[in-house]
2 protein chains.
Amino acid sequence: MVKQERAVRTRKALLGAAADGFSREGYAPASLLDISRQAGVTSGALHFHFPTKAALASAVMAAAAQRLREVVQRCETRTRSGDALQLLVDVGHELTLAMREDAVLRAGFDLDGDPGCPRGIGEVSSFLGRWITATLDRADRAGELRQGLPADQVARAVFACTVGFQMLGRRDPAWVSRRMQTRFWALVLPQIAAGHRGLDAAGS
Amino acid sequence: MVKQERAVRTRKALLGAAADGFSREGYAPASLLDISRQAGVTSGALHFHFPTKAALASAVMAAAAQRLREVVQRCETRTRSGDALQLLVDVGHELTLAMREDAVLRAGFDLDGDPGCPRGIGEVSSFLGRWITATLDRADRAGELRQGLPADQVARAVFACTVGFQMLGRRDPAWVSRRMQTRFWALVLPQIAAGHRGLDAAGS
């Protein structure tokens, strides 16, 4: 293996181990020594890649934000064009699934809400909030929302619910299940969608 | 001041200082020495009242759960009888206000979501979840909910939103404002209430 490949693998292993540690124990209590051990690298190698704990957390959050963008892009490619509300539902489902399987993505949201984590590096939930707002604005302009509904308020409620589900899911996985997402959208879609639009609460 | 009075005051000061410390820094990083200093008592006095950090956190959560019960009881006394949906709105407003003013209540929710905090002592958000479910069930049985709406799903969405607002409010106080609450209920009430019931989204 050439040197650069090894560096990429080491960095990836460190991000995964850091994500696990930060989510399980919280930012402040997580031990850098444990993280390097779990990643199978020396403490020196960790410090070479990430000189401080804050730098490591920042890298986990940047990676999580990238994964979130990829989730959104996957759905944007797949969902039938022009249907902003269906895209919102699809991203909800895809995100729920990704959160269960992807420790780095999960750690991004966890660090966002961790009071022990240095502020100002959080970009995961704020990206999601902006995306939900933009998507509901697009739905509104396309006439997909029921008339008179304030798109920005709907966006805030959907965003708060998404953050709440994730938060509650930390202690009880039922909150971040496909079943919970489907039931949530089955409740919300008829309240916010204009007419019968053939939307699928279970994702398209 | 007699001995018992002094003990009550010391305990109260310690709970307040612990709530501040846990919310600001997180459970694990918060220092017991700083907490005793902020409370104006010796480290020995802290350990006399709370032998471990977990015992202190547990006491903060129990106090927070008690404050939450008091918020609910205040609204139950005040809200016109039999109107479960208005009671739900009123508790939302009262809780938002209490969260801003009451560090112990806030710390209860913060510790509930803090991965560094020992599990199994959280009772604050679970109490709120159960209360919201019971109240929407009562609204449903009284015919206050729009027909066909599943009360348990509405309860889950309202609970997740409440947790999400609180979580987002840690970084941006606009999420836990009276204005945000009023707008939220102005959006949600017409979707879930049967007919025009004279409900007030701004609280009664």
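Cut-offs and rules
Residues numbered from 1 in each chain as written. Chains lettered and ligands numbered in written order. Predicted model: local features only at pLDDT ≥ 70, side-chain atom pairs only at ≥ 80, totals over all residues. Heavy atoms only, no water. Salt bridge = Lys/Arg side-chain N within 4 Å of Asp/Glu carboxyl O. Helix = DSSP H or I, 4+ residues; strand = E, 2+ residues; numbered from the N terminus. Buried < 20%, exposed > 50% of the residue type's maximum accessible area, 1.4 Å probe, protein only. UniProt positions renumbered as here; feature names shortened; annotations may be inferred. Least-squares fit on C-alpha atoms with pLDDT ≥ 70 in both. Contact = heavy atoms within 4.5 Å.

Looking at this model, I keep getting lost on the pattern of salt bridges. Mind explaining?
Any two side chains of opposite charge can pair, given that their charged atoms come close. Residue and element names in this part refer to chain A. This model, assessed by the stated rule, comprises 14 salt bridges over all chains. Put simply, Arg67 and Asp102 hold a salt bridge, and the shortest N to O gap is 2.9 Å. Separated by 35 residues along the polypeptide, Arg67 in helix α4 (residues 53-78) and Asp102 in the loop between α5 (84-101) and α6 (103-112) bring together distant segments of the chain. A salt bridge links Arg141 to Asp137, with the shortest nitrogen-to-oxygen separation between them at 3.3 Å. With Arg141 and Asp137 both in helix α7 (residues 124-141), this residue pair falls four residues apart, about one helical turn. Residue Arg141 is classed as exposed on the basis of its relative accessible area, which comes to 63%.

So what exactly am I meant to see when it comes to the UniProt feature "DNA-binding region" (unreviewed entry) in chain A here?
As recorded in UniProt, the sites labelled "DNA-binding region" (unreviewed entry) are residues 31-50 of chain A. Along residues 31-50 of chain A, the helical share is 75% and the strand share 0%, with 14 Å between the first and last C-alpha atoms.

Even after reading the chapter, I still don't get the relation of the copies chain A and chain B, so can you show me in this structure?
The operation relating the two chain copies consists of a rotation about an axis and a shift along that axis. With an RMSD of 0.0 Å, the fit of chain A onto chain B corresponds to turning through 180° and sliding 0.0 Å along the axis. Both copies of the chain, as the preceding transformation shows, are related through a two-fold rotation axis. Interface residue correspondence from chain A to chain B reaches 95%, placing this contact among same-surface, isologous pairings.

What am I meant to see in the environment of Gln147 of chain A here?
All names here are of chain A. Take Gln147: it is sitting in the loop between α7 and α8 (151-169). You can call Gln147 exposed: its relative accessible area is 84%. In this structure, the C-alpha to C-alpha distance between Gln147 and Ala194, residues 47 residues apart in sequence, is 7.1 Å.

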